[in-house]
Amino acid sequence: MSDELDLETLWGELLSRDASRVRAVWRILTEEERIAIRIHLEKMVTAEGWLEPQRVSARAALAAIALEVHDAPGPDSEETP
């Protein structure tokens, strides 16, 4: 994660419900960070103790992340990274 991006800003962007903001911050994360964040977002959606607005934000983030993964060029793609 970039030194310029603190945790408050990171989670603010991830839970913004704005897919473009979620994907922008997602792109700068390491694979390990992505795994940890995805697990946490899934817990926010399914585990007790989270408020409904938090669940909605987590669902929106997971949906945006899914779009990012879906839109990424695959190994058979002709696009160059």
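Computed from a prediction, not measured in an experiment: that's the story for all the values here.

## Considerations on the pattern of salt bridges
Stage number 1. This structure, assessed with the given rule, holds two salt bridges.
Stage number 2. R21 is the salt-bridge partner of E13, the closest N and O atoms lying 2.8 Å from each other.
Stage number 3. For E13, a relative accessible area of 22% puts it in the partly exposed group.
Stage number 4. Given the relative accessible area of 35%, R21 is considered partly exposed.
Stage number 5. Where R59 meets E52, a salt bridge forms, and the shortest distance between an N and an O atom there is 3.4 Å.
Stage number 6. Here E52 falls in the partly exposed class, since its relative accessible area comes to 46%.

## What to know about the packing of helix α1 (residues 7–14) against helix α2 (residues 19–27)
Stage number 1. Between α1 and α2, the shortest axis-to-axis distance is 8 Å and the interhelical angle comes to 135°. Overall, the two elements α1 and α2 adopt an arrangement that is oblique. Residues L10, G12, E13 and L14 of α1 lie in contact with α2, whose contacting residues are R21, V22 and V25.
Stage number 2. Tallied by class, the residues present in the contact of α1 with α2 amount to four nonpolar, one polar and two charged.

The rules behind each value
Residues numbered from 1 in each chain as written. Predicted model: local features only at pLDDT ≥ 70, side-chain atom pairs only at ≥ 80, totals over all residues. Heavy atoms only, no water. Salt bridge = Lys/Arg side-chain N within 4 Å of Asp/Glu carboxyl O. Buried < 20%, exposed > 50% of the residue type's maximum accessible area, 1.4 Å probe, protein only. Axes fitted to C-alpha atoms, helices over the stretch in contact; angles between N-to-C directions. Helix = DSSP H or I, 4+ residues; strand = E, 2+ residues; numbered from the N terminus. Parallel < 35°, antiparallel > 145°, perpendicular 65-115°, else oblique. Contact = heavy atoms within 4.5 Å. Nonpolar A, V, L, I, M, F, W, Y, C, P; charged D, E, K, R; others polar.

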